[in-house]
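Coordinate inspection notes
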Amino acid sequence: MSRRYLIAGNWKMNKTAAEAAVLVKGIVDQAGSESAVDVAVCPPFTALDAASRALKGSKVALGAENMYPKASGAYTGEISADMIKEFGCEYVILGHSERREYFKESDAFINEKVKAALASGLKPILCVGETLQQREAGTTIDVVSTQTKGGLDGVSAAEVEKVVIAYEPVWAIGTGKTATPEMAQEVHAQIRAILSSIFGEDGAQKVRILYGGSMKPENADALLAEKDIDGGLIGGAALKADSFVSLVNSAVKAAAK
Ligand code: PGA
């Protein structure tokens, strides 16, 4: 089973609309016609319009960083699936560890979002990952298993093909500390085994599992060479066109092997 690599930029709370247009132009100029791998940028809501215009005509896809599970209504400050789809979003990042930590998002709430995203035709990028404390306590697999199963509760085998999982060890996010390729592969393989237990081996083989956490040009080749690492969710290195494009090129190289 050959899964297409996906390199997705998670911009977090960075870039105004004007800055987003410049960054997307830089990415599109260098990687806009790349067809061997999938590429996506996920800017803040306020920059979706500018980013969407700047990537028109290119193969780079657009994603959002979050959404609310309800379709509309009295949810002050929230954004629905239809609102992000209006800008051409194909992906939406859900359950990022920063949202779990700072906004107390639970697996049940994230699950509502995953199902709402799928129902509206978006591809959820479901983030899972352990904290340093949990890793040191030896509970990494338990944590990742609970988050994966919780996030995908009620999702069908047909729908799961649209889901992307991002394994992001919390201790590696924005810290410069990366999981070694072996450490990451071990968890990715476990996630695939969990997916297989729920959706069958066929379904599990179709789901892309990205690595996230200080992925950068220096470590990307080794990470992407691992069997169950199907791309990256990139924070810091996605904020400059050169480093992001270098990661895209690493995925192109890995795909050719
Ligand atoms: P990082 O962030 O690449 O800056 O570590 C990744 C993420 O949080 O998605």
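As shown above, the structure is provided for reference.
A brief structural summary. Being a predicted model, the structure only gives us computed values, none of them experimental.

**Focus: the overall build of the chain**
For the chain, the helix and strand inventory stands at 11 helices and eight strands. Referenced to the eigenvectors of the C-alpha coordinate spread, the extents of the chain come out at roughly 45 × 45 × 35 Å. Buried residues in the chain amount to 53% of all 257 residues. Put simply, of all contacts in the chain between residues at least 6 apart along the chain, 72% involve residues at least 24 apart. Across the chain, the centroid of the 28 positively charged side chains sits 3 Å from that of the 32 negatively charged ones.

**Concerning the packing of helix α5 (residues 107-119) against helix α7 (residues 140-151)**
Angle between the axes and distance between the axes are the two parameters that describe a pair of packed helices. Interhelical geometry of α5 versus α7 gives an angle of 40° and a closest axis separation of 8 Å. Judged by the inter-axis angle, α5 sits oblique to α7. Contacts from D107, N111 and V114 in α5 reach T146, Q147, G150 and G151 in α7. For the contact of α5 with α7, the residue count by class is one nonpolar, five polar and one charged.

**Regarding the sheet that holds strand β7 (residues 208-212)**
Strand order around the closed barrel formed by eight strands is β1-β2-β3-β4-β5-β6-β7-β8, with parallel pairing between neighbours. This sheet shows a mean twist of 25° between the axes of neighbouring strands, independent of strand direction. Where strand β6 (residues 164-167) lies against β7, four bridges are found, and the strand directions are parallel. Considered in β7, the bridge of V164 is made with R208. On top of the sheet, helix α11 (residues 241-256) reaches β1 (6-10), β2 (38-42) and β8 (231-234); it is set at about 160° to β1, its chief contact.

**Some remarks on the pairing of β7**
The side chains of a regular strand alternate, first on one face of the sheet and then on the other. Burial of β7 is extensive: five of the five residues sit out of reach of the surface. Residues R208, L210 and G212 line one face of β7 and the alternating positions I209 and Y211 line the opposite face, and both faces are buried. Note on the crossover from β6 through helix α9 (residues 181-206) to β7: the handedness is right-handed. Direction of pairing for β7 relative to β8: parallel, over a ladder of two bridges. Note on β8: the bridge partner recorded for Y211 is G232.

**Re the pattern of salt bridges**
Pairing between side chains becomes possible if they bear opposite charge and their charged atoms approach one another. In the structure shown here, the tally under the stated rule is 18 salt bridges. Residue R192 pairs with D228 through a salt bridge whose shortest N-O separation is 2.5 Å. Of this pair, R192 sits in helix α9 while D228 sits in the loop between α10 (217-224) and β8, placing them 36 residues apart in sequence. For R192, a relative accessible area of 4% translates into the label buried.

**A few points about the packing of aromatic side chains**
Applying the stated criterion across every chain, the model contains three aromatic pairs. Members of the aromatic cluster, joined through ring pairs, are Y68, Y75 and F109. Over the ring of F103 we find R99; its NZ or CZ atom is 4.2 Å from the centre of that ring.

**What to know about α5**
An α-helix turns once per 3.6 residues; consequently, residues spaced three or four apart project the same way. Counted at 1.5 Å a residue, the expected span for α5 with its 13 residues is 18 Å, and the 18 Å between its end C-alpha atoms agrees. For α5, the set of buried residues is I110, N111, K113, V114, A116, A117 and L118. Looking one or two residues past α5, G121 carries a phi angle of roughly 90°, positive in sign.

Rules of the game
Residues numbered from 1 in each chain as written. Predicted model: local features only at pLDDT ≥ 70, side-chain atom pairs only at ≥ 80, totals over all residues. Heavy atoms only, no water. Helix = DSSP H or I, 4+ residues; strand = E, 2+ residues; numbered from the N terminus. Buried < 20%, exposed > 50% of the residue type's maximum accessible area, 1.4 Å probe, protein only. Contact = heavy atoms within 4.5 Å. Lys, Arg positive; Asp, Glu negative; His and termini not counted. Charge placed at Lys NZ, Arg CZ, Asp CG, Glu CD. Axes fitted to C-alpha atoms, helices over the stretch in contact; angles between N-to-C directions. Parallel < 35°, antiparallel > 145°, perpendicular 65-115°, else oblique. Nonpolar A, V, L, I, M, F, W, Y, C, P; charged D, E, K, R; others polar. Pairing = 2+ DSSP bridges. Right-handed = clockwise from strand over helix to strand, strands pointing away. Salt bridge = Lys/Arg side-chain N within 4 Å of Asp/Glu carboxyl O. Phe/Tyr/Trp six-rings, centres within 6.5 Å; stacked < 30°, edge-to-face > 60°. Lys NZ or Arg CZ within 6 Å of the ring centre and 35° of its normal. Expected span 1.5 Å × (residues − 1).

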